[in-house]
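Residue-level structural notes
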Amino acid sequence: MNTTSTPKYAPQAIEAKWQETWFKPNVFKAEAGGAKPKYYVLEMLPYPSGQLHMGHVRNYTLGDVLARYKRAKGFNVMHPMGWDAFGLPAENAAMKRKTHPKQWTLNNIAEMKKIMRQFGWSYDWSKEVTSCLPSYYGPQQALFLDMFDKGLVYRGEALVNWDPIDQTVLANEQVVDGKGWRSGAPVERRKMPQWCLAITKYADQLLADLDKLPNWPQRVKTMQENWLGKSYGVEFYFKLTGEGLPADAKLQVYTTRPDTIMGTSFAVLSPEHEYSALLAQTDPKAAAFIAEAKAMGTAQEIVDRAEKKGYPTPYKAIHPFTNEAMPVWIGNFVLATYGTGAIKSAPAHDERDHAFATKYNLPIRPVVTGPGVEEGKPYAPKGTLINSGKWDGLTSDAAIQAVIAEMEQLGIGKGKTQWRLRDWGVSRQRYWGCPIPFIHCPKCGVVAAPRETLPIQLPEDVEFTGSGNPLANHPTWKQTTCPTCGGAAERETDTMDTFMDSSWYYLRYLCPYTKEPLDKAAVGYWMAGGGVDQYIGGIEHAVLHLLYARFFTKALRDCGYPVGDEPFKALLCHGMVVGNTYQAADGRYLYPREVELRDADGVKAAFERATGAEVKILPMEKISKSKNNGDSPDGLLAKYGADTLRLYMLFTAPPERDLEWSEAAIEGAWRFLNRVWALAQVAAELPTTQTAAPDRALQQKLHSTIAKVSADIERFQYNTMVAACMELTNALQAADSAAQPALVREGVATLLRLLNPACPHITEELWAMLGNSTPLHATDWPTFNPALAQAEEITLVVQVNGKVRAKLVVPHDIAKDSAIALAKAAPEVQEWLSGPVLKEVYVPGRLVNLVGA
């Protein structure tokens, strides 16, 4: 087919037109009910930084393909979008730019929304939610009170990172080298009153219900299991001796490895432990060590990365079975919030304890052996006990049970199931967050705010000094009256952790305008059958966000909302968009387009185009504006249009793998769409009837492509979906359009329908050009004829003793006996059959394997 004289493809001229066609009347609006089956597809909502990056583009394109496909398949599709709009960056921007967080955030939303519309993602914008608006956080306050009434919210003490200069609690990521990120002051790890959610009440359900999620990646479920951290062990005590201790002093510890009890040679206290504090009262060096340790931050991952340090105490822990008086240390790596705040150490069988014992010359006694034991190195696996007296020769599992039984018999310990999971502290001493709906009364104590006063709105006349909580410093906002006694009282000035906002947004999408927290009818309709049908996002959210959302769903279920047991029926975690970073000698980061790559003696080198100077090629990493290792979406939109970028995101890598940035690949997607454009231009001039019989091979290609693309979308194999469309394009371009005009025209129309979820603008334009009055977004998905999709001939692989010796072209419906006879008769097979055939294996339509003597 000749396509050389057709008008050029100009995406800028058509994309804005179709976006207006879709979004002005909101053709993607979804409502609960009706005869169609429901389908809820959702991508993780963004933080409105003001900049859309290529990771966003990939995420939202993956979801949009599925949403458009499911609509064409006859589903009632919910596909909403919103904004996770609270957060510390807005407060930082307020200080830096002398603006209000609300204005900064809403301006960013407007900018990002404009770019999102240009990509043509088929969102129902009438369901948009913005977490920093009272219409969202007011219902969130009501849900908080629902959970309080259910006994799932309480006020307790928790360890926090306290900045003594800025007078605020810092997130772990705001602690840099033990100092506040803004003030530079040494951070204090202290206990403070915190509002908490009793997520631990759901630990068993959160673990067991992972089995209800077969369509989640196993690695995500494993990460959740590890975070929940269910373990069985023993909690027991050492008798403790030392100056200043009570006569009956005991040190409680918990261990999952009681089989290593005979290898225990010392114990370690957390800096916050009561005995650490007791020592600090009389030992200035201990007090200084504790202060240093408390500056590290409260997160386990921070502690794990830090250098392990210790301070020896004058205390001794008495071994329960040997009566050995073992040293007791204070360690910066033991958290007060995990277990009992103290550990027993068997350094021969734990890498961290081994390093600590080696550093401080503490005894190391191997008591477990097994395959892979190395001299001088810790052996962590379970195995067989040695050097353990009466337990020698027992397996670790048997010894664990035996040691627990003996401790229970002696009355010094008890077998216990323990969880790594801790209750969720949600208090934040910040302005830009959802106000916690409670009141502090000097007479009545802490009282829930009356529901009729919700939403408790943030004041807008606040001052951002960087010191303290603007809500606590506000002259009037916190002043109120007690709803119980009517006396003077103060509002709670803490706001909620922003993870709260993203733990239920998928429910508020379904009823964004209702005055109640949730419309039970709408929620019941869309969440039926297991929740959101398909959830899509990055692997970096595999633990906390997903865990909190799962908890929220279960808690709201128990509060009487019809949300089901789990929020997300199926989960796709896609890879990142990554690219090489190029750095000039003066430190500048160069865009890929500013660099020329050359191959010198097999070694790749990079040179700046403008100067010719060689530049460093840094390792592949996530693309970002700070490193200039990928172009911005808005610049690429202007150059290539949305459909090219969407196609590039889908074709370059399978969704679950990282996508390597390549403008050459973008150019390839651009060239393909130009071919489709030219092909459709010619097809539009072809007659709709023909006298010749349809070309069987072209029919087969057409119908088999429909089958493949349909199956590939269902399996998220978007790269092979695009490849199948490219192959169909090749077949249509090679076809004899003069002899087969109607079939070619039908084939091009089908190609447009198959490509529409990936490239909606160009396909809508060309579909209309073919004379169709109903737009593609309202057109059903094409169906295929299985008989026509079946090739008339197939390639049959023939093996002799498992090795391929021939490939035969045979009829697709060949019988087993015929296939085996043809295989035996093939000359290239006979030369490998020196004796009788002992076994014949036939895989219909694919393979014959002949096993010879």
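Residues numbered from 1 in each chain as written. Predicted model: local features only at pLDDT ≥ 70, side-chain atom pairs only at ≥ 80, totals over all residues. Heavy atoms only, no water.

Examining the overall build of the protein chain
Our working rule: We count a stretch as a helix when DSSP gives it H or I for four or more residues in a row; a strand needs E for two or more, and each element gets its number in order from the N terminus. Partly exposed residues are those whose accessible area sits between 20% and 50% of the maximum for their type, while under 20% is buried and over 50% is exposed, using a 1.4 Å probe and protein chains only. The contact rule is simple, with two residues in contact once any of their heavy atoms fall within 4.5 Å. Where accessible areas are quoted, they stem from the Shrake-Rupley method and a 1.4 Å probe; at the residue level, only the protein chains shown are allowed to cover. Under this rule, positive means Lys or Arg and negative means Asp or Glu; His and the chain ends count for nothing. To locate a charge, the coordinates of NZ of Lys, CZ of Arg, CG of Asp or CD of Glu are taken.
Scanning the protein chain from N- to C-terminus turns up 27 helices and 35 strands. Considering only C-alpha atoms, the protein chain reaches an extent of 105 × 85 × 65 Å along its principal axes. In the protein chain, buried positions account for 53% of the 853 residues. Partitioning the contacts of the protein chain with sequence separation of at least 6, the portion at a separation of at least 24 is 72%. If you sum the accessible surface of the protein chain, you get close to 36600 Å²; carbon and sulfur atoms cover 51% of it. Put simply, the protein chain has 91 plus and 93 minus side-chain charges, and the middle of one group is 1 Å from the middle of the other.

Quick look at the packing of helix α18 (residues 633–640) against helix α19 (residues 642–651)
Short version of the rule: Convention adopted: a line fitted to C-alpha atoms gives each axis, helices being fitted over their contacting stretch, and angles between N-to-C directions are expressed from 0 to 180 degrees. Each residue is assigned to one class: nonpolar for Ala, Val, Leu, Ile, Met, Phe, Trp, Tyr, Cys and Pro, charged for Asp, Glu, Lys and Arg, and polar for all the others, Gly among them.
At their nearest, the axes of α18 and α19 sit 7 Å apart, and the two run at 115° to each other. Side by side, α18 and α19 meet where P633, L636, L637 and Y640 of the first sit next to A642, T644 and L645 of the second. Among the residues forming the contact of α18 with α19, the class breakdown is six nonpolar, one polar and no charged.

So, the sheet that holds strand β35 (residues 847–852)
Let me state the cut-off plainly: The rule for pairing is simple: two strands pair if DSSP sees at least two bridges between them.
With respect to topology, four strands assemble into an open sheet ordered β33-β32-β35-β34, the strand pairing being mixed. In the strand order of this sheet, the two ends are held by β33 (803–811) and β34 (837–843), each with one partner. Taking the axes of each pair of neighbouring strands and ignoring which way they run, one obtains an average angle of 20° across the sheet. Summarising the sheet, β34 and β35 pair through six bridges and their orientation is antiparallel. The residue bridging E840 from the neighbouring strand is L850, located in β35. Running over the sheet, helix α26 (residues 816–825) touches β32 (793–800), β33, β34 and β35 and is turned about 125° from β34.

Here we look at helix α23 (residues 741–755)
Under the convention used in this document: Between the first and last residue of a helix there are one fewer steps than residues, each counted as 1.5 Å, and that sum is the expected span.
Between the first and last C-alpha of α23 there are 21 Å, a value that for 15 residues agrees with the 21 Å anticipated at 1.5 Å per step. With 13 of 15 residues buried, α23 is to be regarded as a mostly interior element.

Some thoughts on the domain arrangement of the protein chain
Note the following rule: All domain edges in this entry derive from an automatic or database-based domain assignment.
According to the domain assignment, the protein chain consists of domain 1 (1–30 + 663–790), domain 2 (33–131 + 502–574), domain 3 (148–157 + 188–198 + 424–496), domain 4 (231–418), domain 5 (576–640) and domain 6 (792–851). Measuring from the centre of the C-alpha atoms in domain 3 to the corresponding centre in domain 6 gives 77 Å.

Quick notes on the sheet that holds strand β17 (residues 424–425)
Strand order in the open sheet formed by four strands is β4-β3-β7-β17, and the pairing between neighbours is antiparallel. Looking at strand neighbours, the two that pair on one side only are β4 (168–170) and β17, the edges of this open sheet.

Quick look at the pairing of strand β26 (residues 577–583)
Burial runs high along β26: seven of the seven residues are buried. In this sheet, strand β31 (residues 659–660) lies alongside β26 in parallel orientation, the contact comprising two bridges. Pairing of V578 across the sheet is with E660, part of β31. Relative to strand β30 (residues 614–622), β26 runs antiparallel, the two sharing five bridges. Looking across to β30, one finds that G579 is bridged to E621. Where β26 meets strand β27 (residues 589–590), two bridges bridge the pair, whose relative direction is antiparallel. Its bridge partner lying in β27, Q583 is registered against Y589. Once β26 ends, the chain turns through five residues before running back antiparallel as β27, passing G587 with a positive phi of about 95°.

Here's the deal with the nonpolar core
Rules: Nonpolar cores are built from buried Ala, Val, Leu, Ile, Met, Phe, Trp, Tyr and Cys residues. Side-chain atoms within 4.5 Å join them into one set.
One finds Y40, F144, L197, Y506 and F552 to be the most contacted residues of the largest nonpolar core, which totals 173 residues. Top element by residues in this core is helix α20 (residues 663–683). It accounts for 10 residues. Ignoring anything within four residues of it in the chain, the contact list for L197 reads F144, M147, L152, V153, D423, W424, V426, M500, F551 and F552. Membership of the second largest hydrophobic core comes to 36 residues, among which are V234, Y275, Y311 and V368.

Focus on α19
For α19, the buried fraction is high: nine of the 10 residues fall into the buried class. Within α19 the residues assigned to the buried category are A642, D643, T644, L645, R646, L647, Y648, M649 and L650.

Here we look at the side chain of Q799
Checked against the element boundaries, Q799 lands in strand β32. Its relative accessible area of 16% is what places Q799 among the buried residues. Those residues in contact with Q799 that sit more than four places away from it in its chain are V804, R805, L847, V848, N849 and L850.

Describing the side chain of S276
With respect to the secondary-structure elements, S276 resides in helix α8 (residues 274–280). When sequence neighbours within four positions are dropped, the list of residues in contact with S276 reads L269, S270, P271, I290 and I330.

A look at the environment of T313
Rules: We call two N or O atoms a polar contact when they sit within 3.5 Å, provided that within protein one can donate a hydrogen and the other can accept it, with sequence-adjacent residues counted only if both atoms are side-chain atoms.
Within the secondary structure, T313 sits in strand β11 (residues 310–318). Each C-alpha atom, one on T313 and one on V722, is 67 Å from the other, the two residues being 409 residues apart in sequence. A distance of 2.7 Å separates the side chain of T313 from the backbone oxygen of V328, its partner in a polar contact.

What to know about unusual backbone geometry
At the junction of L454 and P455, the peptide bond is cis and its omega measures out at 0° in the coordinates. Locating P455 in the fold gives a position in the loop between β20 (445–448) and α13 (470–473). With a phi angle near 50°, N26 is a residue other than glycine that sits in the positive phi range. Relative to the helices and strands, N26 is located in the loop between α1 (11–23) and β1 (38–43). N26 sits in the buried class, given a relative accessible area of 16%. The phi dihedral of N387 is positive, around 50°, even though this residue is not glycine. Topologically, N387 is positioned in the loop between β15 (384–385) and α12 (396–410).

Quick notes on the environment of L152
Among the structural elements, L152 can be located in the loop between α5 (134–149) and β3 (153–163). Every residue in contact with L152, bar those within four places of it in the chain, is listed here: M147, C196, L197, A198, K201, Y202 and A555.

Concerning the packing of aromatic side chains
The cut-off we apply is this: Pairing of aromatic rings covers Phe, Tyr and Trp, the last counted by its six-membered ring, and requires centre-to-centre distances within 6.5 Å; plane angles under 30 degrees mean stacked, over 60 mean edge-to-face, and any other angle means tilted. Over a ring means this: the NZ of a Lys or the CZ of an Arg is within 6 Å of the ring centre and within 35 degrees of the ring normal.
Per the stated rule, a full pass over the model turns up 45 aromatic pairs. The interplanar angle of 65° and the centroid separation of 6.5 Å between the aromatic rings of Y40 and W526 together place this pair among those described as edge-to-face. Of this pair, Y40 sits in strand β1 while W526 sits in helix α16 (residues 520–526); the two residues are 486 residues apart in sequence, bridging distant segments of the chain. Both rings, one in Y60 and one in W121, keep their centres 5.2 Å apart while their planes meet at 75°; by these two values the pair is edge-to-face. With Y60 in helix α2 (residues 54–72) and W121 in the loop between α4 (101–118) and α5, this pair connects stretches of sequence that are 61 residues apart. Of the two residues, Y60 and W121, neither departs from the other in class, the shared state being buried. Three or more aromatic residues link up through ring pairs in this structure, and these residues are Y202, W424, F499, Y548, F551 and F552. Above the face of the F607 ring, R598 is positioned so that its terminal group lies 4.0 Å from the ring centre.

Digging into the environment of G120
Tracing the chain through its elements places G120 in the loop between α4 and α5. Judged by its relative accessible area of 0%, G120 is buried. C-alpha separation for the pair G120 and R646, spaced 526 residues apart in sequence, amounts to 9.6 Å. Aside from chain neighbours lying at most four places away, what touches G120 is Q19, W22, F23, D64, R68, R646, P760 and H761.

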